[in-house]
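Summary of the model geometry
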Amino acid sequence: MHKSLLVLTLTAALAAPAFAADADAPWWDKAWGSRKPFTINTKAEGVTIPGAPGTSLVLVRLHAGNFNFGNAREDGSDLRFVSADGKTLLPHQIERWDALLNEAFVWVQVPEIAADGETKFWLYSGNAEDAEPVDPKTAYDDSTVLVYHFTNTPTPADATKNANNATTGGTLSEGALIAGGLRLLGNTAIKVPASESLNRTAGEPFTFSAWLKPTTFAPRQVLLQMLDGGNGLELGLADGVPYAEIVDGGSRTRTPAGEPLAANTWKHLAVAADGSSTVLYIDGKEYARLDRALPAFAGETTLGAAADGSNGAVGEIDEVQIASVARPAGWVAFAATNQSGTDAATQLMAAGEDEGAGATHKNETLEHMMLFGDIAKNMMFDGWIAVGICVVMMFATWWVAIKKHILLGKIKKGNDEFQRQWKKVAQDLTVLDHDDPEAAKTLGGASKKAIKLMHDSPLYHVYHIGAEEIRHRLTGPKKTDGLSARSIQAIRASLDAGMVHEQHRLTNGLVYITIGIAGGPYVGLLGTVVGVMITFALVAKYGEVDVNAIAPGIASALLATTVGLLVAIPALFIYSFLNTRIKEATSAMQVFIDEFIAKVAEFYPTPADIVPVPLRQIRTPEDAVRQEEKVREHAAGKDLPN
């Protein structure tokens, strides 16, 4: 993988001057907001091709590394390929488009590829309007009579306009060399009915090409059989050795044996016959030759096995093409390299930098976010239940958080205002024993604005409880001239009870945030586990063990866990922030209660302090009068030392 990236980087660097020279090429159509240049390099620094390929079908592999899928429509319908002159539209056909996995395989007809030079074309995308659709069948020239991609249905459908569709099918393989492929099980016979486009007269040119990955070998494994009575062509493997066999009048002539193929490796096989010879190619190189032309043929074509289903190949097959012309060696070599997906393919064709012409460009962040929409499309009902529960918890968390944040803001302002007013009252607590309860409530005359600010202050609420307790004892029916230690202890108990009540008010609703912290990840994980379990159950049921088959299901299942974490992580930070502010408010109440009790104990003397003379010294009415005067003086503080 790293080697491929290195080759791609070096190739792009070499091609940069060429791209720069074409940077001023006219924009094909302003309705398309983005374009990207491609260069086919058959020079020495690219990939040397033995002869000119001519007009060829080029496979363009698009992925996140060379194409911004956010610039195109979800189905790729706005893609257009234009020649280097910026005017000529090139026919193309999309074999697969997957915006979720950022993967696409597109076939483009490029005219006159040079044998030793550079051929350039442009890829346009990003059309915001409905454009006239492209006929995908025009991607193939008139000489291409059959193409099977093996992508859509088990029974192969012809991708050309000739409609040479098969009548029997096989087992699809989603992860073949080029998008989908077909599994060959040893008895897989794909039958293609006779047609005018497939029939051949004696000596008429012909080309067959395909990709094959054999897994096991046998003395005779038929890959292609085109027999009409005692005439035709057979292509196959003999213990891993490729062969092309011409059947003419019942006699069989087979190409000389060469090196056998390696098992479990993709190989490009091609047979090209002109009017005088038939050549067998392996990976774009001549493997064997027969100096004979093909006989006439007008019968049924069979792929994967003999016509009776015997002697079948075992492995996978992909991208079968049949043409009514003899493709040159350069064409075969180009196809084998371009379609291989190897480092050589990267060297052969390089992509340039994106260019934008208008506001239809989408940034990478938007493209990244759009992936979540693509993932959500594959989510199952079970996953949506988990996501729905997480969303409910998320709304509850944020609703409580917003309400608490507003409340704590009011409390902070109210506490600050109360502290300013309390500094005045703390110097003289006589306001607390006033007959008018409003005097204590307003802290001796605070403004309405200040009272409004203090309305939500826990300190003010606690203070009001203490003021009522003192006023009740000094001005009520059982009034006293001072506060005993037991009275002060009772006042502290009332203040502590008020603080507990205020704590409940501050922490009310935080349980919903803790539920989001603890429950969000588990609910999301449950949705993920169920989604993965169902995905693997479907894989086991349908037998498709391939990344393209299971990746969308697993990605959508993981979305549930992602949503659960999106609930829990913000809730954790929110809870820590709110809890810290609540602790600050609680600490302020504790400090205030201690200060309040200390001030009360200092300002209101106990009855023992008020009676300075023992009762045993009172013997006469005059003593009682003197004692009463001393009590009044003591209460007024006149007898206390300065």
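Located above this text is the structure these notes cover.
To keep things clear, this report deals only with the structure shown in the data block. Just so you know, these numbers come straight off a predicted model, no measurement behind them. (Residues numbered from 1 in each chain as written. Predicted model: local features only at pLDDT ≥ 70, side-chain atom pairs only at ≥ 80, totals over all residues. Heavy atoms only, no water.)

Describing the sheet that holds strand E6 (residues 103–113)
Backbone-to-backbone hydrogen bonds pair the strands of a sheet. The strands run either parallel or antiparallel. As summarised here, the arrangement of the three strands in space is E2-E6-E5, forming an open sheet in which the pairing is antiparallel. One side of each edge strand has no neighbouring strand; the edge strands of this open sheet are strand E2 (54–63) and strand E5 (92–98). On average, each strand axis in the sheet is inclined to that of its neighbour by 20 degrees, with strand direction left out of account. Alignment of E5 against E6, held across six bridges, turns out to be antiparallel. Opposite Arg96, over in E6, you have Phe105 as the bridge partner. Across the sheet, helix H2 (residues 329–338) is in contact with E2 and E6; its angle to E2 comes to roughly 5 degrees. (Pairing = 2+ DSSP bridges. Helix = DSSP H or I, 4+ residues; strand = E, 2+ residues; numbered from the N terminus. Axes fitted to C-alpha atoms, helices over the stretch in contact; angles between N-to-C directions. Contact = heavy atoms within 4.5 Å.)

Focus: a nonpolar patch on the surface
Where nonpolar side chains cluster on the molecular surface, the patch consists of Phe381, Ile385 and Ile389 and spans about 310 Å² of accessible area. Assignment of secondary structure puts Ile389 in helix H5 (residues 381–425). Given a relative accessible area of 40%, Ile389 falls into the partly exposed group. (Patch = residues over 30% accessible without salt bridge, like charges linked within 9 Å, V, L, I, M, F, W, Y side chains within 5 Å. Areas by Shrake-Rupley, 256 points an atom, 1.4 Å probe, with all protein chains shown as cover. Salt bridge = Lys/Arg side-chain N within 4 Å of Asp/Glu carboxyl O. Buried < 20%, exposed > 50% of the residue type's maximum accessible area, 1.4 Å probe, protein only.)

Looking at the packing of H5 against helix H9 (residues 485–507)
In contact at an axis separation of 10 Å, H5 and H9 are set at 140 degrees when each is read in the N-to-C sense. Relative to H9, the element H5 lies oblique. Taken together, the residues of H9 that come into contact with H5 (itself represented by Lys404, Leu407, Leu408 and Ile411) are Arg505, Leu506 and Thr507. Grouping the amino acids of the contact of H5 with H9 by side-chain chemistry returns four nonpolar, one polar and two charged. (Parallel < 35°, antiparallel > 145°, perpendicular 65-115°, else oblique. Nonpolar A, V, L, I, M, F, W, Y, C, P; charged D, E, K, R; others polar.)

So, the pattern of salt bridges
Taken as a whole, this structure holds 20 salt bridges when the rule is applied. The salt bridge partner of Lys120 is Glu118, with a shortest N-O separation of 3.6 Å. With its nearest N and O atoms 2.5 Å apart, the salt bridge here joins Glu417 to Arg420. Here the residue Glu417 and the residue Arg420 both occupy positions in helix H5, the gap between them amounting to three residues, near one helical turn. The exposure class assigned to Glu417 is buried, which follows from its relative accessible area of 10%. Salt bridges sharing common partners tie together Arg220, Glu234, Glu245, Arg252 and Arg254.

What to know about the sheet that holds strand E14 (residues 231–238)
Taken together, six strands build an open sheet; the order of strands is E11-E20-E13-E14-E15-E16 and the sheet is antiparallel. At either margin of the open sheet sits one strand with a lone partner, and together these are strand E11 (190–192) and strand E16 (251–254). Strand after strand, the sheet turns through a mean of 15 degrees between neighbouring axes, direction not considered. Across seven bridges, E14 lies against strand E15 (residues 241–248) in antiparallel orientation. Bridge assignment links Leu233 to a residue of E15, and that residue is Ile246.

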